[in-house]
Amino acid sequence: MQDLRFYPFTHSPVQCLFNPSSRDFVVKEIPLYEPSGNGEHLLIYVRKKGLSTFEMLELFSQILGIKVRDIGYAGLKDKAATTYQYISIPRHLESRLNLISPILQEHNIKILSLHAHNNKLKIGHLKGNEFFMRLKKLLPHNTTKLESTLELIAQSGFPNYFGDQRFGKEGDNFQSGKAIIQNSLKIKNKKMSNFLISSYQSHLFNAWLKMRLQLSKILHSFSPQEALHALLHKDFQALHSPHYTLNLIKTLQKQKQHFVLLQGDVMCHYPYGKNFICEDELLESQRFILKNTAPTGALCGLKLTQAQHLAKEIESHFLDSTIKANGTRRYAWVWAEQIKGKYIAQKAQYELQFYLPKGSYATIFLESVLGQQNL
């Protein structure tokens, strides 16, 4: 199983219950662009319940008589939820869709709209997702704590961990991905093979993010001398560096945000933009607090933009040069937007709505808000 993630927040847990289901968990994709109305592809907006994205793609593949690789999709959506998302198929198959609608409905899939488009849908071709979560067994005093914490995290943001969904029911998908790149495991299904490799990349990212947040916690919690001693302790070997000095520690401690920036961090304009190297931590921390930029972590692989200086020394512990998939950067810190909540006292339930940028997990946001690492 995955190690428990580390969160920098110190608030006491909010007691409530969240069980993902098609009634209590809803996800809606927000497209990156509107369909063009012309072209050789067909964008299909679907609603599904009780199916993973891969299971849905396999079903479309079987009943349309095409390869799974011919179907485009922008992101993976939860199985234990009602999800609204886009897929694309070759446009010449449009006439078959009316025939297969009854079969789709038997599997809790409904086609909501169809539009012609120039391009096949690809991973990441979405702006973000809107979420609805129904929290249960929430008593009034915990509601006050919940709403106060929602306000705080709306301002401060939260760590952008990959959620447990990324790692499978047993939490060990990343081990299969590692075995694939080490040539000790072969998976014929290319999409599944790529997914398992990305799970390993995600595991390394989570481990790096956990370590960076532990570094930030040390800097915020101790005196300069105590922090320097802690950073040289065997428990934090990945944080060791010959470059630590009391002056450097004091400079880093001037930053107020939960995630402390280091020289050489790969930053990115937020919510989207170009990567650049952090050269002045204090200056960049001000832009970070204002949500203008955010630090990124590595999804290691080929063509990866590398961190520099002290940030590179830490990141190097979480890179695997044997990964031949393309590498990229992922925001280490994100913000939820459009947060709305409604408490239904007679049912002791709370209906929570919010928006997250693409790739961010609603369950991670909820863990941050509730102060619970096992939902």
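Everything that follows concerns the structure shown earlier in this document.
Here, residues in each chain are numbered from 1, in the same order as that chain's written sequence. At least 70 in pLDDT is required for a residue's local features to be given in this predicted model, at least 80 for side-chain atom pairs to be given and counted, and no such filter applies to totals for whole chains, interfaces and linings, which use all residues. With hydrogens and water stripped out, all remaining heavy atoms of the structure feed into the side-chain values.

A closer look at the overall build of the chain
- By the criteria applied, helices consist of DSSP H or I runs no shorter than four residues and strands consist of E runs no shorter than two, each listed in order from the N terminus. Along the backbone of the chain there are 10 helices and 14 strands.
- C-alpha atoms define the radius of gyration, and 2.2 Å times the number of residues to the power 0.38 defines the globule rule. In terms of overall dimensions, the chain is globule-like: its C-alpha atoms have a radius of gyration of 22 Å, near the 21 Å expected for 375 residues.
- For the chain, the spread of C-alpha atoms along the three principal axes comes to 70 × 55 × 40 Å.
- Classification of residues uses two cut-offs on accessible area relative to the type maximum, computed with a 1.4 Å probe and protein chains only: under 20% is buried, over 50% is exposed, and between them is partly exposed. With 375 residues in all, the chain has 51% of them scored as buried.
- Contacts were defined at the residue level, with two residues in contact if any of their heavy atoms lie within 4.5 Å. Put simply, of all contacts in the chain between residues at least 6 apart along the chain, 77% involve residues at least 24 apart.
- Split by element, the accessible area of the chain, about 18,300 Å² in all, is 51% carbon and sulfur.
- The convention is simple: Lys and Arg are positive, Asp and Glu are negative, and His and the chain ends are not counted. Think of each charge as sitting on NZ of Lys, CZ of Arg, CG of Asp or CD of Glu. Computed over 46 positive and 30 negative side-chain charges, the inter-centroid distance for the chain is 4 Å. Each accessible area is a Shrake-Rupley result for a 1.4 Å probe, and residues are judged covered by the shown protein chains and nothing else.

What about the pairing of strand β8 (residues 266–269)?
- Strand pairing requires that DSSP identify at least two bridges connecting the strands. Across three bridges, β8 lies against strand β9 (residues 275–277) in antiparallel orientation. When the sheet's bridge partners are listed, Met267 is paired in β9 with Phe276.
- Following β8, the chain reverses through five residues before pairing antiparallel with β9.

A look at the packing of aromatic side chains
- Within 6.5 Å between ring centres, the rings of Phe, Tyr and Trp (the latter by its six-membered ring) count as paired, and their orientation is classed by plane angle as stacked under 30 degrees, edge-to-face over 60, tilted in between. The full count for this structure, using the stated rule, is 18 aromatic pairs.
- Between Phe158 and Phe365 the ring centres are 5.3 Å apart and the planes differ by 55°, which places this aromatic pair in the tilted class. Of this pair, Phe158 sits in strand β7 (residues 158–159) while Phe365 is found in helix α10 (residues 362–370), placing the two residues 207 residues apart along the sequence. The pair Phe158 / Phe365 is uniform in exposure class, with both members buried.
- Centre to centre, the rings of Phe162 and Phe205 are 5.6 Å apart; their planes meet at 85°, and the pair counts as edge-to-face. Of this pair, Phe162 sits in the loop between β7 and α4 (173–181) while Phe205 sits in helix α5 (residues 190–221), and the two are 43 residues apart along the sequence. As far as burial versus exposure is concerned, Phe162 and Phe205 are alike and both buried.
- Here the aromatic cluster, defined as three or more aromatic residues joined through ring pairs, consists of Phe18, Phe25, Phe131, Phe158, Phe354 and Phe365.
- A ring is scored as having a charge over it whenever the NZ atom of a lysine or the CZ atom of an arginine sits within 6 Å of its centre and within 35 degrees of its normal. The ring of Phe162 has Arg330 lying over it, and the distance from NZ or CZ to the ring centre is 3.7 Å.
- Over the ring of Phe205 we find Arg330, and its NZ or CZ is 5.4 Å from the ring centre.

A closer look at the environment of Lys49
- As for its placement among the helices and strands, Lys49 is situated in strand β2 (residues 41–49).
- Relative accessible area serves as the criterion here: at 33%, Lys49 is assigned to the partly exposed category.
- With 12 residues separating them in the primary sequence, Lys49 and Gly37 have C-alpha atoms 28 Å apart.
- Setting aside anything within four residues of it in sequence, one finds Lys49 in contact with Ser22, Ala81, Thr82, His107 and Asn108.

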